[in-house]
Amino acid sequence: MNNLKKEKVAVIGSGLSAIGAIRALVTKGIKPIVLDTGIDLDENRYNLITKLKNQNKKEWRREDIELITQNYSVHNNAIPKKLAFGSDYFYGKSNKNSPIIAKGDIPPLSYAIGGLSSGWGATALPPNSCDLNDWPISSDELDKYHKIILDDLPYSAQLDGLSKNFELFKENIKPLKLSKSALMIKKAFDKSNILKKNEIVYGQARLLINSDLVKGYGYSMSGCIYGSIYKAADEINQLVSNNKIIYLNNCLVDKVNEFDNKTIISFYNKDEQLETKEFDRVFIAAGAANSSRIILNSLKLYDHKVKLKSRGGYVLPMFSFKKLPSEWPDCSTHPDLFIELNNNTLKHWVHIQISTENELIRQRLNIEKEKNWLIRIIKKFIVSHVFVSLISFHSNFGGHYEMSISKNSSEEFSNTLYTKHKKKHAPINIIFNTLFNLIKIFIKMGAIPVLFMIKHNSSAYHVGGTMPMRKEKKDILDTDTLGRIGSWERIHIIDSSIFPSLPGTTIGLLLMSNAYRIVNNIYKVKND
């Protein structure tokens, strides 16, 4: 253990996979150095959130709430973007030292402290073994790390129908109180006897949320001012306060290299100058798109095309013939229920999130500011009868981003990342089977899908698979089960870029568990 403490270890990134690695390193007595770009929420919004948190809701001003909850994308024809307190700061964009030329949507990436988890919905359903059948590690091995990770996370979940195929991995859980409308739907499901192990399971949404801190105010999708939603950034800040890590922001990593049992990281500092640091070992957790850029730069694989897989899916509004009891605005707008579908046609679990109270629908309809009394009544009727289902498929049924780097003629700038979004609908038999089963489920509770309003979610935030783990490496970018490419021994990629495939269920917990597994196995071998 004393020798391990002397090892100089770097973690690139600060998102969920970075947290998984950092936790494992800290348990080994190692104090890692975290290199991160570290963009954060603007000071104005941060101060406003602090003020509102300490006020009674009756004291809140409308203009303050609008600043941290308004979503500029709700009036577009596309699916609205997820924002954090009205800001899109956590979405990465092209910049001088990481230029991107994109055809279509830019791949999901982040330069924020905490990565994309700074704006996530905190859903956490571990994968079923059938969704990892092309992985070189077993789901049983990952399961023990799910337990370790969840042991120190806030968790809202129930022992219910989901547990027939998706284990809880934690005891003594305090779940969120379901909304009245979610309870109505769940009771209808219970009466209909739709539950069928291995085919149709449902239950309360599993969320990385501290239920004790939840105070319904109607805008949970925009972020929780009370801090109930787990975010990697909060844990990073806590680790810094506890002197467990050294956090270096304003570090945009360009490339890595390994020689003579040492690793070198080249990064742009706050002055936009290229700088290098030497380490004994490096863990790359920059997010799938950024990690791919770093590796392509490092290996000088110019014009080498890689496929960044995406899950994909659909957003489908549902219309209930019965009025849904509303508690707006004294409610949480997190997802209420999960439905999981599988059968001989689907082959993989289809993940469906049900949200009853939804602030984005209210914003799109502009109910609060509608002046025409008749139109206002119609809009209120719509809101009281409509809820939203978010359908996610396994990456085998999704599109992808084609990515490559082109060498820049000037040494002053980093190489350009070229991306092309190749959208793809799921096969027609998969779509038909999913919709057919959903109609059968919801018709029993008096609801039907509004099919003409279905939206293809082609820009899903869950991406990966550019450098997949393999038992036997075949491609130049294939990795082993410790996330190593080629002859590298001390550089490990630990984020979703090494996932052979992406399950339809959420991948946040899987990111943390797999990163923890890699670190634990490395130092277990060293100790042996």
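Before any of the text, the structure's been laid out above.
First things first, this report covers the structure right here in the doc. (Residues numbered from 1 in each chain as written. Predicted model: local features only at pLDDT ≥ 70, side-chain atom pairs only at ≥ 80, totals over all residues. Heavy atoms only, no water.)

### Section: the environment of His-492
Right, on to step 1. Among the secondary structure elements, His-492 is positioned in strand S20 (residues 491–493).
Right, on to step 2. Beyond its immediate stretch of four places on either side in the chain, His-492 contacts Arg-281, Val-282, Phe-283, Ile-284, Leu-482, Gly-483, Arg-484 and Ile-522. (Helix = DSSP H or I, 4+ residues; strand = E, 2+ residues; numbered from the N terminus. Contact = heavy atoms within 4.5 Å.)

### Looking at the sheet that holds strand S8 (residues 274–279)
Pairing between the strands of a sheet is mediated by backbone hydrogen bonds and can be parallel or antiparallel.
Right, on to step 1. Read from one edge of the open sheet, three strands run S6-S7-S8, paired in antiparallel fashion. Each edge of the open sheet carries a strand with a single partner, namely strand S6 (252–259) and S8. Pairs of neighbouring strands in the sheet enclose a mean axial angle of 20°, with direction left out of account. (Pairing = 2+ DSSP bridges. Axes fitted to C-alpha atoms, helices over the stretch in contact; angles between N-to-C directions.)

### Quick notes on the packing of aromatic side chains
Working definition: an aromatic ring pair is given by the centre-to-centre distance plus the angle between the planes.
Right, on to step 1. Tallied over the entire structure, the rule returns 17 aromatic pairs.
Right, on to step 2. For the ring pair Trp-60 and Tyr-217, a centre distance of 5.7 Å and an interplane angle of 85° mean the geometry is edge-to-face. With Trp-60 in the loop between helix H3 (43–53) and helix H4 (62–69) and Tyr-217 in the loop between strand S4 (200–204) and helix H7 (232–241), this pair connects stretches of sequence that are 157 residues apart.
Right, on to step 3. Tyr-217 sits in the buried class, given a relative accessible area of 5%.
Right, on to step 4. The interplanar angle of 80° and the centroid separation of 6.1 Å between the aromatic rings of Tyr-314 and Phe-393 together place this pair among those described as edge-to-face. Here Phe-393 lies in the loop between strand S14 (386–392) and strand S15 (400–406) and Tyr-314 lies in strand S11 (residues 313–320), a separation of 79 residues in the sequence.
Right, on to step 5. One aromatic cluster is present, built from ring pairs that chain together Trp-60, Tyr-217, Tyr-219, Tyr-226 and Trp-328.
Right, on to step 6. Note that Lys-8 overlies the ring of Phe-279, its terminal NZ or CZ placed 5.1 Å from the centroid.
Right, on to step 7. The ring of Tyr-91 is capped by Lys-81, whose NZ or CZ atom sits 4.3 Å from the centre of that ring. (Phe/Tyr/Trp six-rings, centres within 6.5 Å; stacked < 30°, edge-to-face > 60°. Buried < 20%, exposed > 50% of the residue type's maximum accessible area, 1.4 Å probe, protein only. Lys NZ or Arg CZ within 6 Å of the ring centre and 35° of its normal.)

### What to know about the side chain of Ser-496
Right, on to step 1. Of note, Ser-496 is situated in the loop between S20 and helix H12 (508–527).
Right, on to step 2. The buried category is assigned to Ser-496, whose relative accessible area is 6%.
Right, on to step 3. The contact partners of Ser-496, leaving out residues within four places of it in the chain, are Ala-288, Val-463, Gly-464, Gly-465, Ile-507 and Leu-511.

### Considering the pattern of salt bridges
Right, on to step 1. Taken as a whole and assessed by the stated rule, the structure comprises 22 salt bridges.
Right, on to step 2. The residue Asp-88 makes a salt bridge to Lys-81 at a minimum N-O spacing of 4.0 Å.
Right, on to step 3. Exposure remark for Lys-81: the relative accessible area of 29% places this residue in the partly exposed category.
Right, on to step 4. As a salt-bridge pair, Lys-255 and Asp-254 come within 2.8 Å of each other at their nearest N and O atoms.
Right, on to step 5. Residue Asp-254 is classed as buried on the basis of its relative accessible area of 4%.
Right, on to step 6. Shared partners join several salt bridges into a network, and the residues in it are Lys-51, Arg-61, Glu-63 and Asp-64. (Salt bridge = Lys/Arg side-chain N within 4 Å of Asp/Glu carboxyl O.)

### Things to note about the sheet that holds strand S5 (residues 246–248)
Right, on to step 1. Overall, parallel pairing links the five strands, which are arranged S5-S2-S1-S9-S20 in an open sheet. The open sheet has two free edges, formed respectively by S5 and S20, since each of these has just one partner strand. Taken pair by pair, the neighbouring strands of this sheet meet at an average axis angle of 20°, ignoring direction.
Right, on to step 2. Bridging between strand S1 (residues 9–12) and strand S2 (residues 33–35) involves three bridges; their strand directions are parallel. In the strand pairing of S2, Val-11 is matched with Val-34.
Right, on to step 3. Packed onto the sheet, helix H2 (residues 16–27) meets S1, S2 and strand S9 (281–284) and runs at close to 160° relative to S1.

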